[in-house]
Amino acid sequence: MFGVDILVKEHENIKRMAKVMRAASLQVLSGGELITKDFYQMLEFVRNYADKHHHKKEEDILFDYMKKELGKLAQNLITNGMLVEHDLGRLHMRELEAALQSYDVKNNEDAKLDIVVNATAYTYLINRHIEKENEVVFTFGEKNLTEESRTIVDQRTKEMEDSATKEGLQEKYLKILDELEKKYKVS
Ligand SMILES: [Fe+2]
Ligand SMILES: [Fe+2]
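Here's what I pulled together on the structure shown here. (Residues numbered from 1 in each chain as written. Chains lettered and ligands numbered in written order. Predicted model: local features only at pLDDT ≥ 70, side-chain atom pairs only at ≥ 80, totals over all residues. Heavy atoms only, no water.)

For the rest of this paragraph, the subject is the coordination of the iron ion (ligand 2). Within the first shell, the iron ion (ligand 2) binds the protein through H11 (NE2), H54 (NE2), E58 (OE) and E133 (OE), at distances of 1.9 to 2.2 Å. Every donor counted, the four donor atoms about the iron ion (ligand 2) form angles of 81 to 165 degrees at the centre, which fits irregular coordination. (Donors = N, O, S within 2.8 Å, 3.2 Å for Na, K, Ca; no water. Tetrahedral: all angles 85-135°; square planar, octahedral: opposite > 155°, others 65-115°.)

All right, on to the environment of N13 then. With respect to the helices, strands and loops of the structure, N13 is situated in helix 1 (residues 3–29). Owing to a relative accessible area of 7%, N13 belongs among the buried residues under this scheme. For the pair N13 and L177, spaced 164 residues apart in sequence, the C-alpha separation works out to 8.0 Å. Discounting residues that sit within four places of it in the chain, N13 has contacts with F45, Y49, L174 and L177. (Helix = DSSP H or I, 4+ residues; strand = E, 2+ residues; numbered from the N terminus. Buried < 20%, exposed > 50% of the residue type's maximum accessible area, 1.4 Å probe, protein only. Contact = heavy atoms within 4.5 Å.)

By secondary structure assignment, the location of M21 is in helix 1. Each C-alpha atom, one on M21 and one on G89, is 14 Å from the other, the two residues being 68 residues apart in sequence.

Before going further, it helps to examine the coordination of the iron ion (ligand 1). Metal coordination angles have textbook ideals: 109.5 degrees for a tetrahedral set of four donors and 90 or 180 degrees for an octahedral set of six. Distances from the iron ion (ligand 1) to its protein donors, E58 (OE), H86 (NE2), H129 (NE2) and E133 (OE), fall within 2.0 to 2.2 Å. Considering all four donor atoms around the iron ion (ligand 1), angles at the metal cover 84 to 178 degrees and the coordination shape is irregular. Taken as a pair, the iron ion (ligand 1) and the iron ion (ligand 2) show a spacing of 3.2 Å, with E58 coordinating each metal. Taken as a pair, E58 in helix 2 (residues 36–69) and H129 in helix 4 (residues 109–144) lie far apart in primary sequence, 71 residues in all. Residue classification places E58 among the buried residues on the basis of a relative accessible area of 0%. H129 gets classed as buried once you look at its relative accessible area, which sits at 1%.

This part takes up the packing of aromatic side chains. In this structure the tally under the stated criterion is two aromatic pairs. Here F45 and Y173 contribute two aromatic rings whose centre-to-centre distance is 6.4 Å and whose plane-to-plane angle is 75 degrees, an arrangement assigned as edge-to-face. Note that F45 is positioned in helix 2 and Y173 in helix 6 (residues 169–183), a separation of 128 residues in sequence. As far as the burial class goes, F45 and Y173 line up, both buried. Here the aromatic cluster, defined as three or more aromatic residues joined through ring pairs, consists of F45, Y49 and Y173. Of note, K68 hangs over the ring of Y65, and the distance from its end group to the ring centre comes to 4.8 Å. (Phe/Tyr/Trp six-rings, centres within 6.5 Å; stacked < 30°, edge-to-face > 60°. Lys NZ or Arg CZ within 6 Å of the ring centre and 35° of its normal.)

Following this line, the structure appears as structure tokens:
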């Protein structure tokens, strides 16, 4: 599997978690139970799988080569577009975490609103972001990077993927994803 194919495959899993986040938020909005433990798991998935595992590969490898090799247009697209959106996602997760902690202590409606808003806003952001990467950014990189750079991007992406596999990272987070999908009846 080529480097970009690994990233596109990961997008599918991140989109699956976004569906879970919407379903769990909808449950709260409809007056159902707010299970903070589940939201903490979603948060952990986003931070460790979507951000540390997936975004790190984009930022350190593919995007890095695109910025170095493809000129001003690629630099703008990545720095002012993709990286800003990665940061916005992190902000939503920090706010989600603060709201969960507040809800655990005070059980208040205000925190409940912040949980639903930040979890849902993240799903909008990440779905749009993924669409842009799949349709514009990755295609642009694949078409325009030199053969040599593409080979290095592929190799390094695969190396990071393999080392995470050895640590059991994908297995751990895909299991959490499966369990939450079942629990919230999303598939
Ligand atoms: Fe990204
Ligand atoms: Fe991505």
